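# Observations on the three-dimensional arrangement
For reference, the chains in residue letters:
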Amino acid sequence: MSKTTHAIPGTYVRMLFDYLEGQGHAADEVLAEPAPVADGGELSYSAQHWRMLLERAARHLDEPAIGLRVGATITPAHLGPLGYVLLASSGVPAALERYVRYQRLVHDVSPVGWRLDGDVLVLEWSAESRNVGLLVNQCGMAALVQFARDITGTGVSPLAVHFVEAQPADVAPYSAFFRCPLVFGAETTRVDYAAALLALPLRQPDPGLVAILERQVQIRVAELPQRDDLAQQVRSCIAAWLIKGEPLLDNIAVEMHMSGRTLRRKLEQGGWTFRALLDDTRLQMAHEYFRDKRLVLPEVALLLGYSEQSAFNRAFMRWTGDTPRLFRQKMFIGLAITQR
(Lines give C-alpha, C1' and ligand atoms only; values in the text may rest on other atoms or scores of the structure.)
Protein backbone atom coordinates (compact mmCIF):
# COMPACT_ATOMS: atom_id res chain seq x y z
CA MET A 1 0.00 0.00 0.00
CA SER A 2 1.50 3.28 -1.02
CA LYS A 3 1.23 5.92 1.67
CA THR A 4 -0.74 8.49 -0.19
CA THR A 5 -3.03 10.79 1.73
CA HIS A 6 -5.99 8.92 3.18
CA ALA A 7 -4.98 5.54 1.79
CA ILE A 8 -7.06 2.43 2.49
CA PRO A 9 -5.57 -1.00 1.69
CA GLY A 10 -7.17 -3.46 -0.67
CA THR A 11 -7.60 -6.00 2.13
CA TYR A 12 -10.06 -3.64 3.85
CA VAL A 13 -11.86 -2.64 0.63
CA ARG A 14 -12.19 -6.36 -0.09
CA MET A 15 -14.89 -6.47 2.61
CA LEU A 16 -17.33 -4.77 0.25
CA PHE A 17 -16.59 -7.14 -2.63
CA ASP A 18 -16.90 -10.15 -0.31
CA TYR A 19 -20.20 -8.85 1.05
CA LEU A 20 -21.69 -8.38 -2.40
CA GLU A 21 -20.56 -11.80 -3.57
CA GLY A 22 -22.01 -13.31 -0.39
CA GLN A 23 -25.35 -11.69 -1.25
CA GLY A 24 -25.31 -13.29 -4.68
CA HIS A 25 -24.24 -10.24 -6.66
CA ALA A 26 -21.42 -9.97 -9.19
CA ALA A 27 -19.36 -7.42 -7.27
CA ASP A 28 -17.23 -6.35 -10.21
CA GLU A 29 -20.37 -5.53 -12.19
CA VAL A 30 -22.09 -3.70 -9.34
CA LEU A 31 -18.99 -1.64 -8.56
CA ALA A 32 -17.81 -1.32 -12.17
CA GLU A 33 -14.28 -2.42 -11.33
CA PRO A 34 -12.42 -5.60 -10.35
CA ALA A 35 -11.84 -6.68 -6.78
CA PRO A 36 -8.44 -6.12 -5.15
CA VAL A 37 -6.69 -9.43 -5.74
CA ALA A 38 -4.63 -11.32 -3.17
CA ASP A 39 -1.39 -10.70 -5.04
CA GLY A 40 -2.23 -7.12 -5.90
CA GLY A 41 0.99 -5.68 -4.50
CA GLU A 42 0.70 -2.22 -2.98
CA LEU A 43 -2.85 -1.52 -4.18
CA SER A 44 -4.61 1.15 -2.15
CA TYR A 45 -7.72 3.30 -2.41
CA SER A 46 -8.34 6.92 -1.59
CA ALA A 47 -11.04 7.81 0.92
CA GLN A 48 -13.06 9.31 -1.94
CA HIS A 49 -12.76 6.10 -3.96
CA TRP A 50 -13.86 3.99 -0.99
CA ARG A 51 -16.86 6.26 -0.41
CA MET A 52 -17.78 6.05 -4.09
CA LEU A 53 -17.72 2.24 -4.02
CA LEU A 54 -19.99 2.14 -0.98
CA GLU A 55 -22.37 4.62 -2.60
CA ARG A 56 -22.54 2.54 -5.79
CA ALA A 57 -23.37 -0.56 -3.78
CA ALA A 58 -25.98 1.28 -1.69
CA ARG A 59 -27.73 2.55 -4.83
CA HIS A 60 -27.65 -0.81 -6.58
CA LEU A 61 -29.04 -2.70 -3.59
CA ASP A 62 -31.23 0.19 -2.42
CA GLU A 63 -29.64 -0.33 0.99
CA PRO A 64 -28.90 3.00 2.76
CA ALA A 65 -27.28 1.21 5.72
CA ILE A 66 -25.02 -1.02 3.65
CA GLY A 67 -21.96 0.29 5.52
CA LEU A 68 -23.27 -1.36 8.67
CA ARG A 69 -23.75 -4.68 6.93
CA VAL A 70 -20.33 -4.58 5.28
CA GLY A 71 -18.55 -3.64 8.52
CA ALA A 72 -20.33 -6.48 10.31
CA THR A 73 -18.56 -8.99 8.06
CA ILE A 74 -15.05 -7.97 9.08
CA THR A 75 -12.49 -10.68 9.78
CA PRO A 76 -8.87 -10.38 10.93
CA ALA A 77 -7.82 -11.11 7.34
CA HIS A 78 -9.43 -7.84 6.22
CA LEU A 79 -6.95 -6.02 8.48
CA GLY A 80 -3.94 -7.65 6.81
CA PRO A 81 -0.91 -8.28 9.06
CA LEU A 82 -2.44 -6.08 11.74
CA GLY A 83 -5.19 -8.68 12.15
CA TYR A 84 -2.56 -11.27 13.08
CA VAL A 85 -1.00 -8.90 15.59
CA LEU A 86 -4.33 -8.19 17.27
CA LEU A 87 -5.05 -11.90 17.56
CA ALA A 88 -1.68 -12.37 19.26
CA SER A 89 -2.51 -9.77 21.93
CA SER A 90 -2.71 -10.80 25.57
CA GLY A 91 -6.01 -9.00 26.20
CA VAL A 92 -8.31 -6.17 25.15
CA PRO A 93 -6.02 -3.37 26.42
CA ALA A 94 -3.06 -4.71 24.43
CA ALA A 95 -5.19 -5.21 21.31
CA LEU A 96 -6.59 -1.70 21.63
CA GLU A 97 -3.15 -0.15 22.08
CA ARG A 98 -1.84 -2.01 19.05
CA TYR A 99 -4.80 -1.04 16.92
CA VAL A 100 -4.41 2.65 17.75
CA ARG A 101 -0.65 2.48 17.18
CA TYR A 102 -0.82 0.68 13.84
CA GLN A 103 -4.22 1.76 12.49
CA ARG A 104 -2.63 3.62 9.56
CA LEU A 105 -1.98 0.19 8.08
CA VAL A 106 -5.77 -0.21 7.81
CA HIS A 107 -6.85 3.33 7.03
CA ASP A 108 -5.38 6.79 6.92
CA VAL A 109 -8.68 8.62 6.93
CA SER A 110 -9.86 9.51 10.41
CA PRO A 111 -7.70 7.99 13.18
CA VAL A 112 -9.33 6.58 16.28
CA GLY A 113 -8.18 7.50 19.77
CA TRP A 114 -9.35 6.21 23.11
CA ARG A 115 -9.64 7.43 26.66
CA LEU A 116 -11.25 6.47 29.93
CA ASP A 117 -13.94 8.84 31.17
CA GLY A 118 -14.80 7.46 34.59
CA ASP A 119 -16.38 4.06 33.99
CA VAL A 120 -16.72 4.70 30.25
CA LEU A 121 -14.24 3.68 27.58
CA VAL A 122 -14.51 6.26 24.80
CA LEU A 123 -13.36 5.41 21.28
CA GLU A 124 -13.41 8.61 19.24
CA TRP A 125 -12.63 9.35 15.62
CA SER A 126 -10.86 12.55 14.60
CA ALA A 127 -12.67 15.59 13.18
CA GLU A 128 -11.95 14.29 9.66
CA SER A 129 -14.81 11.83 10.15
CA ARG A 130 -17.15 14.73 9.34
CA ASN A 131 -15.89 14.72 5.76
CA VAL A 132 -15.88 11.04 4.79
CA GLY A 133 -19.64 10.45 4.59
CA LEU A 134 -22.19 8.41 6.48
CA LEU A 135 -21.53 5.13 4.65
CA VAL A 136 -17.80 5.22 5.44
CA ASN A 137 -18.53 5.99 9.09
CA GLN A 138 -21.17 3.26 9.21
CA CYS A 139 -18.64 0.74 7.98
CA GLY A 140 -15.81 1.85 10.25
CA MET A 141 -17.92 1.93 13.40
CA ALA A 142 -19.66 -1.36 12.63
CA ALA A 143 -16.31 -3.01 11.90
CA LEU A 144 -14.89 -1.85 15.23
CA VAL A 145 -17.93 -3.06 17.20
CA GLN A 146 -18.03 -6.39 15.35
CA PHE A 147 -14.30 -6.94 15.84
CA ALA A 148 -14.70 -6.30 19.57
CA ARG A 149 -17.45 -8.92 19.67
CA ASP A 150 -15.38 -11.38 17.70
CA ILE A 151 -12.10 -11.17 19.59
CA THR A 152 -13.84 -11.38 22.98
CA GLY A 153 -16.21 -14.12 21.87
CA THR A 154 -19.13 -12.17 23.36
CA GLY A 155 -22.07 -10.21 22.10
CA VAL A 156 -20.81 -7.13 23.94
CA SER A 157 -22.55 -3.96 22.86
CA PRO A 158 -21.63 -0.31 23.34
CA LEU A 159 -23.24 1.97 25.86
CA ALA A 160 -23.90 4.47 23.07
CA VAL A 161 -22.91 5.20 19.48
CA HIS A 162 -22.56 8.80 18.25
CA PHE A 163 -22.82 9.81 14.59
CA VAL A 164 -21.99 13.32 13.40
CA GLU A 165 -24.47 12.92 10.55
CA ALA A 166 -28.17 13.76 10.79
CA GLN A 167 -30.57 11.01 11.77
CA PRO A 168 -31.52 8.85 8.76
CA ALA A 169 -35.12 8.10 7.88
CA ASP A 170 -34.78 4.50 9.06
CA VAL A 171 -32.77 3.87 12.23
CA ALA A 172 -33.93 0.25 12.60
CA PRO A 173 -30.74 -1.24 11.05
CA TYR A 174 -28.61 0.81 13.46
CA SER A 175 -30.62 -0.28 16.49
CA ALA A 176 -30.54 -3.92 15.38
CA PHE A 177 -26.77 -3.98 14.95
CA PHE A 178 -25.45 -1.78 17.76
CA ARG A 179 -28.15 -2.72 20.31
CA CYS A 180 -27.64 0.49 22.28
CA PRO A 181 -28.81 4.13 22.37
CA LEU A 182 -27.99 6.07 19.21
CA VAL A 183 -27.02 9.74 18.97
CA PHE A 184 -27.18 11.53 15.62
CA GLY A 185 -25.98 15.06 14.91
CA ALA A 186 -23.30 14.50 17.55
CA GLU A 187 -20.24 16.68 18.03
CA THR A 188 -17.89 13.78 17.33
CA THR A 189 -17.97 10.30 15.86
CA ARG A 190 -17.54 7.98 18.83
CA VAL A 191 -18.43 4.67 20.42
CA ASP A 192 -18.80 4.42 24.20
CA TYR A 193 -18.22 1.13 26.02
CA ALA A 194 -18.34 0.18 29.65
CA ALA A 195 -14.75 0.24 30.92
CA ALA A 196 -15.31 -3.38 31.97
CA LEU A 197 -14.65 -4.27 28.32
CA LEU A 198 -10.93 -3.89 29.08
CA ALA A 199 -11.10 -6.81 31.52
CA LEU A 200 -12.65 -9.27 29.07
CA PRO A 201 -10.34 -12.09 27.93
CA LEU A 202 -9.81 -12.66 24.25
CA ARG A 203 -11.39 -15.74 22.75
CA GLN A 204 -9.42 -18.47 21.04
CA PRO A 205 -7.98 -16.78 17.92
CA ASP A 206 -9.25 -17.68 14.48
CA PRO A 207 -7.69 -21.13 13.85
CA GLY A 208 -7.24 -20.48 10.14
CA LEU A 209 -5.33 -17.25 10.63
CA VAL A 210 -3.25 -18.67 13.45
CA ALA A 211 -2.36 -21.64 11.23
CA ILE A 212 -1.29 -19.27 8.44
CA LEU A 213 0.83 -17.27 10.85
CA GLU A 214 2.41 -20.38 12.35
CA ARG A 215 3.24 -21.72 8.90
CA GLN A 216 4.87 -18.42 7.97
CA VAL A 217 6.96 -18.50 11.12
CA GLN A 218 7.87 -22.17 10.69
CA ILE A 219 8.90 -21.65 7.06
CA ARG A 220 11.02 -18.64 7.93
CA VAL A 221 12.64 -20.37 10.89
CA ALA A 222 13.43 -23.41 8.74
CA GLU A 223 15.17 -21.15 6.24
CA LEU A 224 17.40 -19.60 8.88
CA PRO A 225 21.00 -20.80 9.04
CA GLN A 226 21.28 -23.99 11.07
CA ARG A 227 23.96 -23.64 13.72
CA ASP A 228 24.14 -24.92 17.25
CA ASP A 229 20.95 -26.24 18.85
CA LEU A 230 20.64 -23.60 21.57
CA ALA A 231 21.00 -20.73 19.11
CA GLN A 232 18.42 -22.32 16.83
CA GLN A 233 15.97 -22.75 19.71
CA VAL A 234 16.39 -19.09 20.57
CA ARG A 235 15.85 -18.14 16.92
CA SER A 236 12.62 -20.15 16.85
CA CYS A 237 11.35 -18.43 19.98
CA ILE A 238 12.34 -15.02 18.64
CA ALA A 239 10.52 -15.64 15.35
CA ALA A 240 7.34 -16.63 17.18
CA TRP A 241 7.58 -13.62 19.51
CA LEU A 242 8.14 -11.02 16.79
CA ILE A 243 4.47 -10.91 15.87
CA LYS A 244 3.73 -9.72 19.43
CA GLY A 245 6.33 -6.98 19.42
CA GLU A 246 9.91 -6.62 20.63
CA PRO A 247 11.20 -9.99 21.93
CA LEU A 248 13.00 -9.68 25.28
CA LEU A 249 15.67 -12.02 26.53
CA ASP A 250 13.75 -12.71 29.74
CA ASN A 251 10.61 -13.68 27.81
CA ILE A 252 12.56 -16.08 25.63
CA ALA A 253 14.32 -17.53 28.69
CA VAL A 254 11.00 -18.27 30.38
CA GLU A 255 9.83 -20.17 27.30
CA MET A 256 13.07 -22.18 27.43
CA HIS A 257 12.60 -22.88 31.16
CA MET A 258 15.65 -21.04 32.40
CA SER A 259 16.56 -17.65 33.82
CA GLY A 260 17.64 -14.76 31.66
CA ARG A 261 21.10 -14.86 33.25
CA THR A 262 21.49 -18.56 32.45
CA LEU A 263 20.41 -18.09 28.85
CA ARG A 264 22.78 -15.18 28.40
CA ARG A 265 25.68 -17.21 29.82
CA LYS A 266 24.96 -20.25 27.63
CA LEU A 267 24.73 -18.11 24.52
CA GLU A 268 28.04 -16.45 25.32
CA GLN A 269 29.62 -19.85 25.76
CA GLY A 270 28.54 -20.65 22.20
CA GLY A 271 29.89 -17.37 20.89
CA TRP A 272 26.52 -15.63 20.64
CA THR A 273 24.76 -12.67 22.18
CA PHE A 274 20.99 -12.39 22.34
CA ARG A 275 21.10 -9.11 20.40
CA ALA A 276 23.09 -10.70 17.60
CA LEU A 277 20.58 -13.56 17.32
CA LEU A 278 17.68 -11.14 17.36
CA ASP A 279 19.20 -8.98 14.63
CA ASP A 280 20.16 -11.99 12.52
CA THR A 281 16.69 -13.53 12.81
CA ARG A 282 15.03 -10.25 11.90
CA LEU A 283 17.29 -9.81 8.89
CA GLN A 284 16.61 -13.30 7.55
CA MET A 285 12.87 -12.94 8.09
CA ALA A 286 12.92 -9.50 6.45
CA HIS A 287 14.41 -11.11 3.35
CA GLU A 288 11.50 -13.56 3.22
CA TYR A 289 8.83 -10.94 3.87
CA PHE A 290 10.31 -8.78 1.10
CA ARG A 291 9.49 -11.55 -1.38
CA ASP A 292 5.78 -11.18 -0.64
CA LYS A 293 4.67 -8.25 -2.81
CA ARG A 294 1.46 -7.92 -0.80
CA LEU A 295 3.46 -6.66 2.19
CA VAL A 296 4.55 -3.04 2.16
CA LEU A 297 7.43 -1.80 4.28
CA PRO A 298 5.36 -0.53 7.24
CA GLU A 299 3.75 -3.97 7.41
CA VAL A 300 7.12 -5.73 7.27
CA ALA A 301 8.33 -3.50 10.10
CA LEU A 302 5.24 -4.42 12.11
CA LEU A 303 5.71 -8.15 11.53
CA LEU A 304 9.32 -7.83 12.69
CA GLY A 305 8.27 -6.28 15.99
CA TYR A 306 9.01 -2.61 15.27
CA SER A 307 6.46 -0.02 16.34
CA GLU A 308 7.82 2.50 13.82
CA GLN A 309 9.14 1.99 10.31
CA SER A 310 11.89 4.53 11.03
CA ALA A 311 13.36 2.18 13.68
CA PHE A 312 13.28 -0.68 11.17
CA ASN A 313 14.96 1.52 8.55
CA ARG A 314 17.81 2.40 10.92
CA ALA A 315 18.34 -1.21 11.96
CA PHE A 316 18.30 -2.45 8.36
CA MET A 317 20.81 0.19 7.33
CA ARG A 318 23.07 -1.00 10.14
CA TRP A 319 22.77 -4.62 8.99
CA THR A 320 23.15 -4.17 5.23
CA GLY A 321 24.19 -0.61 4.41
CA ASP A 322 21.01 -0.19 2.32
CA THR A 323 17.56 1.11 3.14
CA PRO A 324 14.83 -1.56 3.12
CA ARG A 325 13.28 0.03 0.03
CA LEU A 326 16.54 0.04 -1.94
CA PHE A 327 17.42 -3.49 -0.83
CA ARG A 328 13.99 -4.75 -1.91
CA GLN A 329 14.30 -3.03 -5.30
CA LYS A 330 17.69 -4.66 -5.87
CA MET A 331 16.27 -8.02 -4.81
CA PHE A 332 13.41 -7.87 -7.32
CA ILE A 333 15.78 -6.72 -10.07
CA GLY A 334 17.97 -9.72 -9.30
CA LEU A 335 15.02 -12.08 -9.34
CA ALA A 336 13.86 -10.70 -12.70
CA ILE A 337 17.30 -11.24 -14.21
CA THR A 338 17.57 -14.83 -12.98
CA GLN A 339 14.08 -15.67 -14.31
CA ARG A 340 14.87 -14.53 -17.87
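These numbers were taken from a predicted model, which means no experiment stands behind them.

### A word on the pairing of strand 3 (residues 112-117)
Where strand 3 lies against strand 4 (residues 120-125), six bridges are found, and the strand directions are antiparallel. If you follow Val112 over to strand 4, its bridge partner there is Trp125. In textbook terms, the turn of a hairpin is the stretch between consecutive antiparallel strands, and for strand 3 and strand 4 this stretch comprises two residues, one of which, Gly118, has a positive phi near 65°.

### Thoughts on the sheet that holds strand 7 (residues 190-194)
Read across the sheet, five strands follow the order 3-4-7-5-6 without closing on themselves; strand pairing throughout is mixed. Since the sheet does not close on itself, it has two edges, and those belong to strand 3 and strand 6 (182-183), each with one partner. Lying over the sheet, helix 6 (residues 92-102) contacts strand 3 and strand 4, oriented at roughly 140° with respect to strand 3. Relative to the sheet, helix 7 (residues 134-152) contacts strand 4, strand 5 (160-162) and strand 7, its axis offset from that of strand 7 by approximately 20°.

### Comments concerning the nonpolar core
With 78 residues, the main nonpolar core has Val234, Leu263 and Phe312 as its most contacted residues. In this structure, Leu263 is in contact with Leu230, Val234, Leu249, Ile252, Ala253, Met256 and Met258, ignoring residues within four places of it in sequence. Judged by nonpolar contacts, the second largest core, of 25 residues, contains Leu144, Phe163, Val191 and Leu197.

### Overview of the packing of helix 13 (residues 274-291) against helix 15 (residues 309-320)
At a minimum axis separation of 11 Å, helix 13 and helix 15 run at an interaxial angle of 100°. The pairing of helix 13 with helix 15 is recorded here as roughly perpendicular in orientation. Touching Asp279, Arg282, Leu283, Ala286 and Phe290 of helix 13 are Phe312, Phe316, Arg318, Trp319 and Thr320, all from helix 15. Looking at the contact of helix 13 with helix 15 residue by residue, the classes come out as six nonpolar, one polar and three charged.

### A word on helix 6
Along helix 6, the positions that sit buried rather than exposed are Val92, Ala95, Leu96, Arg98, Tyr99 and Tyr102. Projected onto a plane normal to the axis of helix 6, the buried residues spread over an arc of 165° and lie on a single side. Of the surrounding secondary structure, the elements contacted by the buried residues of helix 6 are helix 5 (81-87), strand 3, strand 4, helix 7 and helix 14 (297-303).

### Observations concerning the pairing of strand 7
Extensive coverage of strand 7 is indicated by the burial of four of its five residues. Here strand 4 runs beside strand 7; their pairing, made up of five bridges, is antiparallel. Counted as the bridge partner of Leu123 is Val191 from strand 7. For strand 5 and strand 7, the ladder comprises three bridges, and the chain directions are antiparallel. Residue Ala160 lies in a different strand from strand 7, and its bridge partner there is Asp192.

### So, the packing of aromatic side chains
Scanning the model with the defined rule gives 13 aromatic pairs in all. Ring geometry for Phe290 against Phe312: centres 6.5 Å apart, planes inclined by 55°, an arrangement best described as tilted. Remark: Phe312 occurs in helix 15 and Phe290 occurs in helix 13; sequence separation between them is 22 residues. Owing to a relative accessible area of 0%, Phe312 belongs among the buried residues under this scheme. Cluster of aromatic residues (ring-pair linked, three or more members): Phe290, Tyr306, Phe312, Phe316, Trp319 and Phe327.

### Section: unusual backbone geometry
A positive phi angle, close to 60°, is found at Ala32, a residue other than glycine. With respect to the secondary-structure elements, Ala32 resides in the loop between helix 2 (27-31) and strand 2 (44-46). With a relative accessible area of 58%, Ala32 lands in the exposed category. One non-glycine residue, His257, lies in the positive phi region at around 60°. Relative to the assigned elements, His257 resides in the loop between helix 11 (249-255) and helix 12 (260-269). In this structure His257 comes out as exposed when scored by relative accessible area, which is 75%.

The rules behind each value
- Sequence positions are assigned chain by chain, starting from 1 and proceeding in written order.
- The predicted origin of the model limits local features to residues at a pLDDT of at least 70 and limits the giving and counting of side-chain atom pairs to 80 or more, whereas totals for whole chains, interfaces and linings rest on all residues.
- Hydrogen atoms and water are omitted, and side-chain values are computed over all heavy atoms in the structure.
- Paired strands, in this sense, are two strands between which DSSP finds at least two bridges.
- We count a stretch as a helix when DSSP gives it H or I for four or more residues in a row; a strand needs E for two or more, and each element gets its number in order from the N terminus.
- We call two residues in contact when some of their heavy atoms are within 4.5 Å.
- Structural elements are reduced to axes, namely lines fitted to C-alpha atoms, with helices fitted over the stretch in contact, and the angle between N-to-C directions of any two is expressed from 0 to 180 degrees.
- Here, nonpolar core refers to any group of buried Ala, Val, Leu, Ile, Met, Phe, Trp, Tyr and Cys residues whose side-chain atoms link them within 4.5 Å.
- Think of it in three bands: residues with accessible area under 20% of the maximum for their type are buried, residues over 50% are exposed, and the middle band is partly exposed, with areas taken using a 1.4 Å probe on protein chains only.
- Roughly parallel refers to an angle under 35 degrees, roughly antiparallel to one over 145, roughly perpendicular to one between 65 and 115, and oblique to any angle outside these ranges.
- We call Asp, Glu, Lys and Arg charged. Ala, Val, Leu, Ile, Met, Phe, Trp, Tyr, Cys and Pro are nonpolar, and the rest, Gly among them, are polar.
- When we speak of the arc, we mean the arc of directions from the helix axis to the C-beta atoms.
- Ring geometry is summarised as follows: Phe, Tyr and Trp rings, the Trp one being its six-membered ring, pair when their centres sit within 6.5 Å, and such pairs are stacked at plane angles under 30 degrees, edge-to-face over 60 and tilted between the two.

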